[in-house]
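The chain contents come next:
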Amino acid sequence: MTHCKIVLVDDHALFRSGLKGLLARRREYAVVGEAADGEEFLAMLPSTDADLVFMDISMPGMNGAEATERALAMRPELKVITLSMFGDESYYARMVEAGAKGFLLKDSDIDEVTEAIEAVMNGGSWFSPALQTSHDMSAAIPDDGTELPDGLSLREAEIIAAVCRGLSNQEIADELFISKRTVDKHRANILEKTGCKNTASLVVYAIGHKLIEMP
C-alpha cells in the first residue's frame, strides 16, 4: 500500500473529522493538514509536503475547481481527488479541466477511499462506481463535423458513452446491435487511442473531453 500524506479541504468540520477518522485506520496514510475553503488551503500549501488532496467541489469563496487549478500551478505533482455528492455533476468537467484525477462520494466507505487513493497515487484515475451507475450519462457526439479527440470514431464515442453508463460489453453489443467481439475490439482500440487504463480513467477522460452529457 502506498504511503501518502493527505490534506482535507471541505467547509464542513464534521465531515473532515469523519474522513480523518477513516484515514487513521490505515497506518500508511497521514492527514497533514485541513482547510475549510480554497483560500485557507492555498495559504497552507507551501508549508506542507502533502502528496494528495481531498477537495470539496462547492465551498464558500473560492470553489474546488479554482483551488485545484491554483494548487497544481504551484505543485504540479500534487494529486487531487474530488469529494462529490449527488447533484454535483455540473462541476465534473470543470474539475477535470482543473486537474482532478478522482471523484469520490462523500459517503464512501474506507475500502473505496483506499482504492481511490491507490489508483490516483499510482498515476491512474478513480470515479466512484455509485456515481457511474446512478446517473444517465448520455453521448454528446457532435453532429457539426467537429473532429473527435485522439482520432476516435463516432462508433467509439458511442461505446465510451455506454461504458460510462456502466454497461458491460455484452450489454453494449445488444444495445448497438453488434457482436460482443466487435465491442471488445472497439474497447481495446479506445484504450490505446486515449491512453486510458481502465473504466474509471475512461469516464474521467470522457467528462474532460465532453464526450458525455451529465444530467
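Scroll up to find the structure.
Note that the structure is a prediction, hence the values are computed from the model and not measured.

Reading the values: the criteria
- Residues numbered from 1 in each chain as written.
- Predicted model: local features only at pLDDT ≥ 70, side-chain atom pairs only at ≥ 80, totals over all residues.
- Heavy atoms only, no water.
- Salt bridge = Lys/Arg side-chain N within 4 Å of Asp/Glu carboxyl O.
- Helix = DSSP H or I, 4+ residues; strand = E, 2+ residues; numbered from the N terminus.
- Buried < 20%, exposed > 50% of the residue type's maximum accessible area, 1.4 Å probe, protein only.
- 1 Å grid on protein atoms, 1.4 Å probe; cavity = no way out; pocket = protein on both sides within 12 Å on 5 of 7 lines; lining within 4 Å.
- Points joined across faces, edges and corners; volume = space filled by probe spheres on them.
- Nonpolar A, V, L, I, M, F, W, Y, C, P; charged D, E, K, R; others polar.

(A) Main features of the pattern of salt bridges. Tallied over the full model, the rule gives 14 salt bridges. Residue Arg16 is joined to Glu34 by a salt bridge in which the shortest nitrogen-to-oxygen separation is 3.0 Å. Taken together, the residues span a long stretch of sequence, with Arg16 in helix α1 (residues 13-23) and Glu34 in strand β2 (residues 29-35) at a distance of 18 residues. The exposure class assigned to Glu34 is partly exposed, which follows from its relative accessible area of 28%. Taken together, the shared-partner salt bridges in this structure form one network comprising Asp10, Asp56 and Lys106.

(B) Fine view of the layout of surface pockets. Of the volumes computed, that of the largest pocket is approximately 280 Å³. Lining the largest pocket are 17 residues, and of these Lys101, Gly124, Ser125, Ser201 and Val204 lie nearest its centre. By residue number, the principal contributor to the lining of the largest pocket is helix α10 (residues 199-208), which donates 4 residues. Among the residues making up the lining of the largest pocket, the classes are represented as 6 nonpolar, 9 polar and 2 charged.

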